[in-house]
Each structure stands twice: as structure tokens, then as C-alpha cells.
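Residue-level structural notes
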Amino acid sequence: GAAPWHDRAVVISRKLLNEGEHIVLSTRTHVKALLLPAVVLIIIAGLAGYLTSLPSGDSATIWRLVIWVIAGALIVWFCVAPFLRWLLTTYTFTTRRLITRTGVLTRRGHDIPLNRVSDVSYEKGLVDRIFGCGTLVVSDASELGRVELRDIPRIEHVQLTVSEELFQGSDRAPRKFDDGS
């Protein structure tokens, strides 16, 4: 079987796993999601620094404060928020389910049992090919039909690992769950 692979910084809490359930793969979106916020940060900081050098006279201190307050708000909105979304969005495949967790202030989670997954494929555009990532498409038997996990790093490896786990899972005997009765 495929060796378990995951980004060590992404490992979910063991409290989220059931007895006998193990992590097969855990990741977050590719770091390319942070490129635009990094460019925006450089532009905002450069522009704020330049604008800070312009005012002179008695009101210069107030204008500099206004410039940096506006720059700080823009940095929080366009740089810090995307970083936190990236940091707090995780995708974990276990031996039993796909677990997605996302959100900064309001956390959202979604679990799909692997026995409901009918297909796992991937899509890669030109930019994705350059960065070595892509969109993992998980088709399931639910009313949603499919779940797209965008900007997954090492997409071919992830798709192969998940497909292999699904194949191994289909060879296993049906699991018996104790419903407490």
C-alpha cells in the first residue's frame, strides 16, 4: 500500500478520529494561494512608505498616521485574512472518510465517508502545472455529487494515494458498527 503522506503541520487532532481510524493523507492548499497576497503586501508597504515621505509641515504627523492606519487595514484585509484562510483550511483523508475543515472566525467542517466516494480525479491548468498542484475532484453518492478541493499540492500523488485507499477499502469486509443496542 501507499505510505501515509501528509504535511506535518497539517495533522488534525486525534480527537477527530474514531477508534481504529488512521490518517492516510493530510494537506492544505498549495502555497501559491499566498503569492498574490504577498505581492499586495509589498505594493501596499511600498506605497505607504512613499506616501509617508510626502507630507511636511504641522499636519504631517496626522497624515502619516492616517496613511499607516489605512495601509494597516488594507494589509489585514488583503494579506492577513487570506493567510489565515490558507493556514486554517485542511483536507484530510483517513481510512474511513474525507475531512475538510475551513474558516477563520466561523469554522466549517464536512465529512464524506469513503464508502460513498465513487470516483477521485484531478484537473490541472497551466498555472497549476507550473506550481505542481491541481484540483482534486471527489465524486460521491450524496446530493452534492462532487466536491472540488482546489490547489492541492502534489496532486498526482494525492489522487493516486486516495484512489489506492478507496480500492483497498472496497476489498475489505464490510465494517460492523456498534450502535449501542
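Structure first, text after, so check above.
Just so we're clear, the structure is a prediction, and the values are computed from it rather than from any experiment. (Residues numbered from 1 in each chain as written. Predicted model: local features only at pLDDT ≥ 70, side-chain atom pairs only at ≥ 80, totals over all residues. Heavy atoms only, no water.)

**Overview of the sheet that holds strand β7 (residues 133-140)**
- If you walk across this open sheet you meet the three strands as β6-β7-β8, and the pairing is antiparallel. Looking at strand neighbours, the two that pair on one side only are β6 (117-123) and β8 (146-153), the edges of this open sheet. If you compare each strand with its neighbour and ignore which way they point, the axes differ by 20° on average. (Pairing = 2+ DSSP bridges. Helix = DSSP H or I, 4+ residues; strand = E, 2+ residues; numbered from the N terminus. Axes fitted to C-alpha atoms, helices over the stretch in contact; angles between N-to-C directions.)

**Comments concerning the environment of Thr29**
- Along the polypeptide, Thr29 turns up in the loop between β2 (23-27) and α1 (35-53).
- Those residues in contact with Thr29 that sit more than four places away from it in its chain are Trp86, Thr89, Tyr91, Arg150, Asp151 and Pro153. (Contact = heavy atoms within 4.5 Å.)

**Describing a nonpolar patch on the surface**
- Judged by side-chain polarity, Ile62, Trp63, Val66, Ile70, Leu74, Trp77 and Phe78 come together as a nonpolar surface patch covering roughly 760 Å² of accessible area.
- Within the element layout of this structure, Phe78 appears in helix α2 (residues 60-88).
- Residue classification places Phe78 among the partly exposed residues on the basis of a relative accessible area of 43%. (Patch = residues over 30% accessible without salt bridge, like charges linked within 9 Å, V, L, I, M, F, W, Y side chains within 5 Å. Areas by Shrake-Rupley, 256 points an atom, 1.4 Å probe, with all protein chains shown as cover. Salt bridge = Lys/Arg side-chain N within 4 Å of Asp/Glu carboxyl O. Buried < 20%, exposed > 50% of the residue type's maximum accessible area, 1.4 Å probe, protein only.)

**A few points about the packing of aromatic side chains**
- One pass over the structure, following the stated rule, counts one aromatic pair.
- Pairing Phe83 with Trp86 gives two aromatic rings, centres 5.9 Å apart and planes at 35°, and the pair type is tilted. Of this pair, Phe83 and Trp86 both sit in helix α2, three residues apart, roughly one helical turn.
- You can call Phe83 partly exposed: its relative accessible area is 36%.
- Judged by relative accessible area, Trp86 falls into the buried class, the value being 16%.
- A cation over a ring is seen here: Arg28 above Trp86, with NZ or CZ 4.9 Å from the ring centre. (Phe/Tyr/Trp six-rings, centres within 6.5 Å; stacked < 30°, edge-to-face > 60°. Lys NZ or Arg CZ within 6 Å of the ring centre and 35° of its normal.)

**With respect to the nonpolar core**
- Counting 18 residues, the largest nonpolar core has Phe93, Val117, Leu136, Leu149 and Ile152 as the members making the most contacts within it.
- Secondary structure elements with two or more residues in this core: β2, β3 (90-94), β6, β7, β8 and α4 (155-171).
- Broken down by element, the residue count for this core peaks at four residues, all from α4.
- Among all residues touching Ile152, those that are not within four sequence positions of it are Thr27, Tyr91, Gly132, Cys133, Gly134, Leu136 and Val158. (Core = buried A, V, L, I, M, F, W, Y, C linked by side-chain atoms within 4.5 Å.)

**Re unusual backbone geometry**
- A positive phi is found at Asp151, a non-glycine position, where the angle reads about 55°.
- Positionally, Asp151 belongs in strand β8.
- In the Ramachandran plot, Arg154 falls in the positive-phi region, its phi being about 50° despite a non-glycine side chain.
- When its relative accessible area of 40% is taken as the criterion, Arg154 is described as partly exposed.

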